[in-house]
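A look at the structure
The lines below spell out each chain.
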Amino acid sequence: MIQEIQSKKVLSFHEDSFPTNWDLNPYRGCTIGCKYCFAQYAHKYLGLNDFFKDILVKINAAECLEQEFKQKKWNKEQIKIGGTTDLYQHIEKKYELLPKIYEVIKKYKNPLFIQTKSSLILRDFEIIKDLSKITTVDIATSISTLDESIRKIIEPGASSGLERIEMLAKFNGICRSTTLGFMPIIPLISDTDENLEAIFRLAKENKIDNVVTSVLFLRGEVKSTFFKTIQLNFPEIYTNFIRLYSKSTVDENYLKSIHIRIQKLREKYDLHTEFKKVNPKKNPIQLSLF
Ligand code: SF4
């Protein structure tokens, strides 16, 4: 079900600055459908059932953003678009909310951080290129695997891993930074030597500025649904997988060993890991529900 809504606010503040304190989400719900998605149960609070199918479209997102920018206490902090839902999920093709939002960003020269798992962002390449000339724009994507048969199970609505890296590379030298999140690394699935090496090598070959990594974290309802995904699609590793996640964080020995392997690859490919921040300040004006 797709539902168009008029939103009162589109900016939301959060304490965790990764890498900004401000999020702008033009949609609630996300058709990318990642099996490990932590946002999927937030929908229940809105009385909606399916985070991956019941999508709220903030059709007045650009107008709301302009109103919020006009507030005297707005400090021109960097805004992250796509922090809780993917901004370039499929219905953006129809609604085209982003070009209107970028117009407002351009008018106020506000710094921007864009994160997406979809190469639909290339539709707006020229707009983003123009924006980068007048304000700071950072671009990020994340991938878990280059194996398409696995990607189709765990991130069915995303672009392929290779497409995402190639998409990111197109912004090299245009935006301030490009960041590849190798995340989540899924134990016994996307942690093969082949996958780890290929992702770091491609990041280097494509001159990506930063590579950040994170191992799958599971808790609450996501943990049980993800276990079911493993049981159904990767039965051969199921027993060992649930053993690794007997707690919410992955087994400590596993974590140590994957960090050693990643560190070796960082050194081999000389890849950086730090986000550059744009004057991060905390200014908690009202939080947004929508
Ligand atoms: S792209 Fe992000 S918000 Fe969308 S389903 Fe995947 S993890 Fe969730």
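The text that follows walks through the structure, step by step, so that each part is easy to find. Note that the structure is predicted; figures quoted are calculated from it, not measured.

**Description of the sheet that holds strand 1 (residues 2–5)**
The strand order 1-5-4 describes an open sheet built from three strands, whose pairing is mixed. Each end of this open sheet is capped by a strand with a single partner; those strands are strand 1 and strand 4 (27–28). In the sheet, strand 1 pairs with strand 5 (residues 55–58) via four bridges, with the strands oriented parallel. By the bridge assignment for strand 5, Glu 4 is matched with Val 57.

**A look at the packing of helix 1 (residues 61–70) against helix 3 (residues 97–108)**
In contact at an axis separation of 8 Å, helix 1 and helix 3 are set at 20° when each is read in the N-to-C sense. Here helix 1 lies roughly parallel to helix 3, going by the angle between them. Viewed along their axes, helix 1 and helix 3 form a crossing whose handedness is right-handed. Taking contact as the criterion, the partners of Ala 61, Ala 62, Leu 65, Glu 66, Phe 69 and Lys 70 in helix 1 are, on helix 3, Lys 100, Ile 101, Val 104, Ile 105, Lys 107 and Tyr 108. Among the residues forming the contact of helix 1 with helix 3, the class breakdown is eight nonpolar, no polar and four charged.

**A short note on the packing of aromatic side chains**
Applying the stated criterion to the full structure yields 11 aromatic pairs. Ring geometry for Trp 22 versus Trp 74: centroids 5.1 Å apart, planes at 75°, classification edge-to-face. In this pair, Trp 22 is assigned in strand 3 (residues 22–24) and Trp 74 in the loop between helix 1 and strand 6 (79–81), connecting sequence segments 52 residues apart. The exposure classification of Trp 22 matches that of Trp 74, with both residues buried. Centre to centre, the rings of Phe 241 and Tyr 245 are 5.0 Å apart; their planes meet at 35°, and the pair counts as tilted. A relative accessible area of 0% means that Phe 241 is categorised as buried. Tyr 245 sits in the buried class, given a relative accessible area of 1%. Members of the aromatic cluster, connected to one another through ring pairs, are Phe 13, Trp 22, Phe 69, Trp 74 and Tyr 108.

**Comments concerning the environment of Asp 86**
The residue Asp 86 is located in the loop between strand 6 and helix 2 (92–95) in this model. As for Asp 86 and Asp 16, which are separated by 70 residues in sequence, their C-alpha atoms are 18 Å apart. Discounting chain neighbours no more than four positions away, the residues touching Asp 86 are Tyr 27, Cys 30, Ile 32, Thr 116, Lys 117 and Ser 118. Side-chain polar atoms of Asp 86 contact the backbone nitrogen of Tyr 88, separated by 2.9 Å.

**Side note on the environment of Thr 85**
In this structure, Thr 85 sits in the loop between strand 6 and helix 2. Judged by its relative accessible area of 4%, Thr 85 is buried. Each C-alpha atom of the pair Thr 85 and Pro 26 lies 8.2 Å from the other, and the pair is 59 residues apart in sequence. In this view, Thr 85 contacts Asn 25, Tyr 27, Arg 28, Gly 29, Cys 30 and Phe 51; residues no more than four positions away in its chain are not counted.

**Looking at helix 4 (residues 125–134)**
Among all positions of helix 4, only Phe 125, Ile 128, Leu 131 and Ser 132 are buried. Down the axis, helix 4 shows its buried residues gathered within 120° of arc, on one side only. Residues of helix 4 that are buried make contact with helix 3, strand 7 (112–115) and strand 8 (137–143).

Definitions and limits used
Residues numbered from 1 in each chain as written. Predicted model: local features only at pLDDT ≥ 70, side-chain atom pairs only at ≥ 80, totals over all residues. Heavy atoms only, no water. Pairing = 2+ DSSP bridges. Helix = DSSP H or I, 4+ residues; strand = E, 2+ residues; numbered from the N terminus. Axes fitted to C-alpha atoms, helices over the stretch in contact; angles between N-to-C directions. Parallel < 35°, antiparallel > 145°, perpendicular 65-115°, else oblique. Left-handed = near helix turned anticlockwise from the far one by under 90°. Contact = heavy atoms within 4.5 Å. Nonpolar A, V, L, I, M, F, W, Y, C, P; charged D, E, K, R; others polar. Phe/Tyr/Trp six-rings, centres within 6.5 Å; stacked < 30°, edge-to-face > 60°. Buried < 20%, exposed > 50% of the residue type's maximum accessible area, 1.4 Å probe, protein only. Polar contact = N/O pair within 3.5 Å; in protein donor to acceptor, adjacent residues only side chain to side chain. Arc of directions from axis to C-beta.

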